[in-house]
Structure formats: structure tokens, C-alpha cells
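Coordinate inspection notes
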Amino acid sequence: MAELSMCSSSTREQVSPEEERLAIRDFVISAEAHTKEGDAFYLITQRWWQQWLDYVNQDQANNMNDISSLSEHCDSVSSSDVKRPSVIDNSDLIYDTTSEDSTMGIELHDTLVEGRDYILLPQEVWNQLYAWYGGGPTLPRKVINSGLSQTGLSVEVYPLRLQLVVVPKGAHSTIRISKKETIGELHRRACEIFDLNMEQVCIWDYYGHRKHALMNDMDKTLDDANIQTDQDVLVEVLSNGSSSAFGGCMNSVQENGSADKETMSVLVEPSKSSLSIAGGLSASKGVSRSYSSELSQSQNFTSPVRELDNTYGVSGVSTRGVTGGLTGLLNLGNTCFMNSAIQCLVHTPEFARYFREDYHKEINWQNPLGMVGELALAFGDLLRKLWAPGRTPVAPRPFKTKLARFAPQFSGYNQHDSQELLAFLLDGLHEDLNRVKHKPYIKSRDADGRPDEEVADEYWANHIARNDSIIVDVCQGQYKSTLVCPVCNKISVTFDPFMYLSLPLQSTTTRTMTVTVFTCDGSALPSACTVTVPKQGRCRDLIQALSGASSLKHNEKLLLAEIRNHLIGRFLEDPLILLSSIKDDDHLAAYKIPKLSKNTIFLQLIHRREEQEIGNAQKSFGWKPYGTPLVSPISCDDVITRGDIQSIVHTMLSPMLRTERRGNTDISETSISVAASDPSCEFAASKAFTDSIESDMKDKDGNCLKTVTLSKLPLQLVDENNACIDLSVGEEKAIKLSSSSMSILVFVDWSCKFLEKYDTHYLENLPEVFKYGPVTKKARTEPLSLYTCLEAFLREEPLVPEDMWYCPQCKEQRQASKKLDLWRLPEVLVIHLKRFSYSRSMKHKLETFVNFPIHDLDLTNYVAHNNSSRSQIYELYALTNHYGGMGSGHYTAHIKLLDENRWYNFDDSHISAINEEDVKSAAAYVLFYRRVKNDDASVSNGAQSCAGHENNLPQK
């Protein structure tokens, strides 16, 4: 058992749960903004972290949020009385015994899942928690660059685990090393472990017990060298008689006959949206099964042609009496995302026929963008097994091994996005099977007013000249993209290929919110602003939208407040408050205030008017709150007098003052009443109220108004003891500002006489955040249509500022408008419903039900190519489903066996028949449609005899 370093909690400075929560939240927000390569994150057991969350949130009144970011965790709550957690105990994350190999150190369990077993904490958060609670062991991990552009960040939770094998000595050792370390560092570590000299050694990529490549580029990273976790690395010790160490190694290359195709393996990584963790990073995890089991499976590929021939001979024939295609895939541990996507591809008729033929002659062994044919071979082998007679589930271990080697983002046992895997498979299979061995360079010409048909055919011919495979034949279509410059009206038309359509569920991703904006400096009347914000956004998104809509100045900021019963219910100061906590029938106000130092409090001016008491037999009147409170900041660093409060309130009310132009010389004095919330506070008019303040004013058009005499406002302040302080007398007296409260309250009672001088209707009838109308209510009851999603995808819209277009006519970057149109549709149309949204601080899944047609998806009206004579009607034959939340959900597939005309549910290894009406659900994620043809009566997914249908196979 690894020892835990204990820290006495009795010696720590006592901190309240709320102080702990706020301190950790601030650290997290800072880490989100400043995380960089090389920073350390620390693993902490999810069990302890949840105990701490319950402890620090026990006094809050909020809702538990998705376990997707630390900033959300720190705002989650529990209402029960929870004891303070004991010391941090990470022992459930590590093996009970330290590895016998001293080079390994503390080893994590192989199958840990972020969010379920552990949380990743920024270093400052860990340091603070460790100072408060102690415990351990400490499990730091480094932040590394990731992605093809190396601009993304990820936490390397599982560094590479490599088996070093020394020949001819036969010694071996297992090490952990970052995939971002260089080959030179691997050389140094190997020589240090085995007590060798650098000049004596050459190191090989020994994946699958074969010498793939000599690792002699000392500055190259292990990631760039495509080294995978749990693989062997051969440390070859040269004899003393060798004149050149690397010369001897190079001879060994030739003797081993390492073909070009074996050394051209490259990492192909599609664009991805990793599961979000602390700071918006992603956990990178390697394969963690024993090497021996992986090796035994990978040996199937040592003789691809012989293996294909054998498989074809066994599984190539099926009869209707023994239906094929109903074979499940075993779940190897969170591999349902892979199983569902594979089953949909396997049951695509064109692919089933193609991969059961002798397709290896089309493998492109030299394509640097491909996987040396290994992905195609692995997929073809798996497809044949799934179409073999019988229903014994297949374990897709060999396929997953290849997948992990060429797409490390899908390695390990974390849950992944099925659509992202599908995109990688389609692209990878295309490159492995690309019939174009040498891609010509072709420069695209601009349309220049030529007919769309001519330009589209030219673009497609250029595309086919470089990309020609079964994937292109079946899945690729073409859309028309039109860009219009907003300045010179330059029109640019291009025709681009697509593999699938990603349709937004637009009607549910945003919400409209109405907020009334007030000023504190008397510069403008209140105005209602309606903005569109992300439905699952935060207050910072709302503030950002309002800032633009209300023309906020650079030296101003907005203070959001929720208004309840004409009082301020709460200030929404925390930018991380979820907008989902704000209901459509709530009332919000936003106050423009200057960007001041933190040492300020807010003056709340509460309006009241006289109303008759309800339930009283006698006529009795009392002052009741009405309208919307006004807010103005007050600096605690300055001495504030009663006269200052008078001046501040006059300024706040000045936009509503009923002013008169020069010529009318008589403005009567105004009588007002002010009372505090304490019923015992009584107020009587006195001559003090006739003290006046003179002021020169202008109207909103700049016209000069006469000097007006304003009544001194009889304001009363509620102090800390709820006592009433009359602010209409003792103008020079200073008031005491509470250090513990963020606001001071002043109540102004509006008499009928006083209302003659101010137009307060601007303060009344504060609009709801969102007001439902009869039409809107009706629309919300209707399910979202797939056609509506398609129309949103094709709708013209301006480019985002981050994606500006360079106008060749203006010679400048422009925010052009972009319009997409479908031009050429494929035989198999794959439609991705964009249910998942990602950001640095959260991830979210849309559970919207989309009404998609199973039969007769008619896209005729959406295809801009009017002269096309092909049918644009499609039928659904497969789809993937996602159930549950992000990172912890489950994937299944619904597939129609075309020769049976019957739907089945593929749930990993379990397969069951379902009714067609059960196919539609809110879980639908990726839809597979095939074009309806006149001869569809003879179409099969691939279960019929290949021997009897040779003429139906694609002709090459």
C-alpha cells in the first residue's frame, strides 16, 4: 500500500465552508483562463471530491449541476447537514502494491474514468485543498499540447507505458514516459536503466514484435513517431566491433525486409470535441490491457491476403434460412460508441458487398494520409465475421487495437463520441482505399459568372481526380457555398464535397431574454433590451449580449439583479450562474454602473405609493412597494453625507423629471414623503422639505431649460439596526456605511402631488424575461422536424468574426454572408444531429425529439441542381442512439435488415427485433439514409449469397 502523507487538520487555520467554496471557485476560474502547456494537474478521488462538495454547499440554495467542470462543481449544492471530510485518500485510484520495477513508481488503476473515478484539479486548487486537509498520495499529471495543430491542451493522465526489450541480453523493463518526450530522452532513459552507453545502442519501434522503424531522430517526439502505450521498444546492443552503430542498424533494416508501407504509418486525427474536464481540458488515456493478449489478436494480420481468402471461404455464403447480419459485438469496456457506428457501416449494402469481395487489390499502401491499409483490412475482417452464419457475438479486439494505434484519441476505455469515430472511419477507410496513387495538383478556378452546372462539374472532376474510393462512390455529396461581401457585393461561389451533414437543433440551443437597462447617472431613461443567448449559457453570456445591445461604454459595466415584488431579490454578480436558473416569468434589471474599485456598496432606491389596506373595515392607507428599484454605487473610501445622498437620488430620478421650457416662470415646490420599512418609522412634513436645490438643465435634444427649483427630497435611510435616519435634515452630517452589507436601502414614498412632477411609468410594468404568446405556445408543442433542422443548416447567415473572409475585390477581411445549398447528393446520406455542445467550462446534451421520416425523405426542393434527373427521395435503414448524459451515456443502433424488411435493436452483443414505430425517439443521433431506386425490391444489406449476386458488386 502506498503510504499516505498525513497533515494534521487541527493545525490548519479554521475556514468556513463558504470561504472554502469561494476560494476554490476563484482558483478554478483563474486556471480556466491561464492554463498552458507544462502546467500540473492533480488527480483526486471522485468519492472524496463529492464529500467536499456536499460539505461546502450545504448552506446554499442551488441545483446540482452536471459533473463537467470544477467551476460548476463549486456552484453545486446539497441541502443536508454534512460533516467536514477527513484527509484526502487517493488510495482507491492506485494499485495496492508498488510495482516491483522501480522505474514505474505509483501506478494508477488501468480503467479509471474521469468524472466517475477521479477529478482533475489545477495545481493551485490541489495545493489549497492539501493545505486544508492533507492526505495523499499526490498524483500530478502534466498538460500537453494535442491535436493536429498542436494548439489544443490535454492532461496526460496515462503517460505511455513501454516495454523495453534488450537484445541480445534478453533483459526487459517497463517504463512510463510522456508521449511528448523525445526519442533522445527515451535513449537516455534506456541507457540509464540497463547501464549502457549511447554509442552502443540503437532503438527500434518494435510494435507487434516486428522492427517497424529505426528511432534515430533524437529530436522527434514519441507522439510524432506513433509510439503507442503497452507496445514493445527494442533496445539493440551492438557488438564492439561495429564501425558504426547506426550503420549496423540500417543494415538490419534491409535484412528484415521492412517494406515502405510498414514505415509510412502516420497519425491521422480528425477534429474532435473531447470530454470537458477542469479548465476545459481533455483527459488523454492509453490502452491499458496486457500486451500479450493484444499481440495474439494482432497476429491475424500477418498475412492479409491469406486471412481474407480463409474468411471469405468460411463466411461468404448465407441463406435465408440462416440469416446473417444479426451478430452482436462484445463491449470491451465503454466501447458501445464504437460498436454502434460499426454496425451501421457493416449493414450498409454497398459496403457489405464490397468488403466481402477481394478488395485488397484496391488498398493504397503508399498513401501518407492513410493507415497503410491496416484500417481497411481490420474493418473488412470484422465485417466478414459479422456477416458469417450464426449469432455468436464477436469481440472486436483486433479492430480496436488498430484503432488505438492510428487514432490514439479513441484508445483506452473512456466513452467517446460515436459520430467522431464514424467521421474518422469514413475518412480513414477512404484514404486506405483511395484508387488515386499519385494525387495531381489542381488549382480551382473562380466561377466568374459561368453557369453553376459547369462550375460544379469542374469542381467535382477535380475532386475525383484526387479522391476516388468506395467511400466517395457511396457517401460523398457536394454542396454549393455562396459568399457575398457586405461592402462591394462581390459574390464568390464554390462547390465543396461533404461526407455527412451535421444539422443544428437550432430551435432549442438558444433562448430569448428581455432585460430592462437602467442608468445611475441620469443619462437615459430605462429601456428594455431583448437578446438571444445560449440556452445552457451563464450570466456572463447574458451580460456580454446586453453590453452590445445597450451600447455599454468601455468605462461601464452591468450589474444584473432579479426583481421580486418590486424589491431586489438578488444580485446576479457571479458570472458562472446558469441561465437555466432564471425562469421565463422572472423579471430582470441591469444597472449601468462605472467600473470602480471593489470597495463600493450599492444604494437601492425603493419606490412606494399609498394604497388602501386590504381587509380593514375602516379606510386606512399604507405605503406599498411598486415599480422597479434604482441602484447607484457609493464608494466606501469617501465620506458620504446626507446631502450627497440627496444629490445622488436627484441624479437617478432626473430622466423622469417633467421639465418645462423657458417662459413658464413658476414651478411649485414638491412635497414628498419618505419612510423606512420599519412600521414604527413615521414621517411628517416639515419646513425642511422646502429647502431647495437649484440646477440648470437641458432636455434630451440639448435645448436649454430654465433654472428649476427642486425640492430637497425627504429621504430616510435604514441603518444596520433597522432605524430610520432622516436625510432631509443635517445635510452636512456623514452617514455610516455598513462594512458587512453590500447595499443600503432608501425608501421614497410617492405622493400624488409629487407624481405630477415625475413620470414614473418608466419604472412600472417591468417585462418578464420571456413572454409567451398563443402562437409560441402552439409552436412549442410541435416536435422539431428534420426538415426544419436542414433549413437551419442551409439558411444564409453572416460569418462569425473569428472566421472572416478575404474579399479578393476589397483586398480586406470581411464578415461576409454565407449561404449553403445542396447540389449533389450521395447514394447513402449520413445525417448527424448536433446534440452535443462543448465549451471550456461546460458540456451539454440536447434531449430534443426530432421528427425524422423513416420513409420518403424528400429532398427534391432542397437540391439547387434543378436539372438533376436522379431521385432525391431517401429511406432510413440505420441510426445510432445515445441515451443518458455526457461521458456516461450509452450507445445503441437500430438497423433494418432490408431482405427481411424488419427492424432490429443492436445493443452491443444483445440483438432484438423491434417495431418500426419504436425506431423514432429523442435518443436518435446519427441517421443513415439510402436513395430509393426502382429496383429496391432486390436490395439486401449484404446477407444474401455473394456467389449468387456477383453482378451486383461494384465494377472497378
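Read on for an overview of the structure. (Residues numbered from 1 in each chain as written. Predicted model: local features only at pLDDT ≥ 70, side-chain atom pairs only at ≥ 80, totals over all residues. Heavy atoms only, no water.)

**With respect to the overall build of the protein**
Counting its secondary structure elements, the protein contains 22 helices and 43 strands. Taken across its 956 residues, the protein has 53% of its residues classed as buried. Contacts in the protein between residues far apart in sequence, at least 24 positions, make up 73% of those at least 6 positions apart. Accessible surface computed for the protein: about 43,400 Å², of which carbon and sulfur atoms make up 48%. (Helix = DSSP H or I, 4+ residues; strand = E, 2+ residues; numbered from the N terminus. Buried < 20%, exposed > 50% of the residue type's maximum accessible area, 1.4 Å probe, protein only. Contact = heavy atoms within 4.5 Å. Areas by Shrake-Rupley, 256 points an atom, 1.4 Å probe, with all protein chains shown as cover.)

**A word on the sheet that holds strand S20 (residues 587–594)**
In spatial order, the strands read S17-S16-S20-S18-S19; together these five strands make up an open sheet with mixed pairing. A single partner strand is all that each edge strand has here, and the edge strands are strand S17 (527–534) and strand S19 (567–571). Averaged over all pairs of adjacent strands, the angle between their axes in this sheet comes to 45°, without regard to strand direction. Across the sheet, helix H18 (residues 539–549) is in contact with strand S16 (510–519), S17, strand S18 (556–564) and S20; its angle to S17 comes to roughly 135°. (Pairing = 2+ DSSP bridges. Axes fitted to C-alpha atoms, helices over the stretch in contact; angles between N-to-C directions.)

**Observations concerning the environment of Gln 366**
On the secondary structure map, Gln 366 appears in the loop between helix H11 (349–355) and helix H12 (374–386). Accessibility expressed as a relative area gives 47% for Gln 366, which makes it partly exposed. Residues Gln 366 and Asp 432, 66 residues apart in the sequence, show an inter-C-alpha distance of 8.9 Å.

**Some details on the packing of aromatic side chains**
In this structure the tally under the stated criterion is 21 aromatic pairs. Taking the centre distance of 6.2 Å and the plane angle of 65° together, the rings of Tyr 877 and Phe 928 count as edge-to-face. Of this pair, Tyr 877 sits in strand S39 (residues 873–883) while Phe 928 sits in strand S43 (residues 924–931), and the two are 51 residues apart along the sequence. Here Tyr 877 matches Phe 928 in class, with each residue buried. Plain terms: the ring middles of Tyr 891 and Tyr 925 are 6.3 Å apart, the flat faces sit at 40° to each other, and that makes the pair tilted. Remark: Tyr 925 occurs in strand S43 and Tyr 891 occurs in strand S40 (residues 890–897); sequence separation between them is 34 residues. What makes Tyr 891 buried here is its relative accessible area of 2%. Of the residues examined, Tyr 925 reaches a relative accessible area of 1% and is grouped as buried. Among the aromatic residues, those joined into a ring-pair cluster are Tyr 354, Phe 355, Tyr 359, Phe 379 and Phe 399. (Phe/Tyr/Trp six-rings, centres within 6.5 Å; stacked < 30°, edge-to-face > 60°.)

**Considerations on a negative patch on the surface**
Judged by side-chain charge, Asp 637, Asp 638, Asp 644 and Glu 732 come together as a negatively charged surface patch. Structurally, the position occupied by Asp 638 is in the loop between strand S23 (630–635) and helix H19 (642–653). Note on Asp 638: relative accessible area 47%, which makes it partly exposed. (Patch = residues over 30% accessible without salt bridge, like charges linked within 9 Å, V, L, I, M, F, W, Y side chains within 5 Å. Salt bridge = Lys/Arg side-chain N within 4 Å of Asp/Glu carboxyl O. Lys, Arg positive; Asp, Glu negative; His and termini not counted. Charge placed at Lys NZ, Arg CZ, Asp CG, Glu CD.)

**Looking at helix H14 (residues 418–432)**
Counted at 1.5 Å a residue, the expected span for H14 with its 15 residues is 21 Å, and the 21 Å between its end C-alpha atoms agrees. Within H14, 14 of the 15 residues are buried, leaving the element largely enclosed by the surrounding structure. Where H14 begins, one side-chain oxygen reaches toward the backbone nitrogen of Gln 419, 2.9 Å away; that side chain belongs to Asp 417. (Expected span 1.5 Å × (residues − 1). Polar contact = N/O pair within 3.5 Å; in protein donor to acceptor, adjacent residues only side chain to side chain.)

**Points about unusual backbone geometry**
In the segment running from Gly 136 into Pro 137, the intervening peptide bond is cis, with an omega of -5°. You can see Pro 137 is positioned in the loop between strand S4 (135–136) and strand S5 (140–146). Although it is not a glycine, Asn 334 sits at a positive phi angle of roughly 60°. Tracing the backbone through its elements, the reader meets Asn 334 in the loop between helix H9 (304–315) and helix H10 (336–346).

**Topic: helix H1 (residues 17–34)**
The end-to-end C-alpha distance of H1 is 26 Å, a good match for the 26 Å that 18 residues give at a rise of 1.5 Å each. Inspection of H1 places Pro 17, Glu 20, Arg 21, Ile 24, Arg 25, Val 28, Ala 31 and Glu 32 among the buried residues, and these make up the whole buried set. Buried residues in H1, looked at end-on, bunch into an arc of 125°, giving them a common side. Exposed residues on H1 whose side chains face more than 90 degrees from its buried face are Ala 33 and His 34. (Arc of directions from axis to C-beta.)

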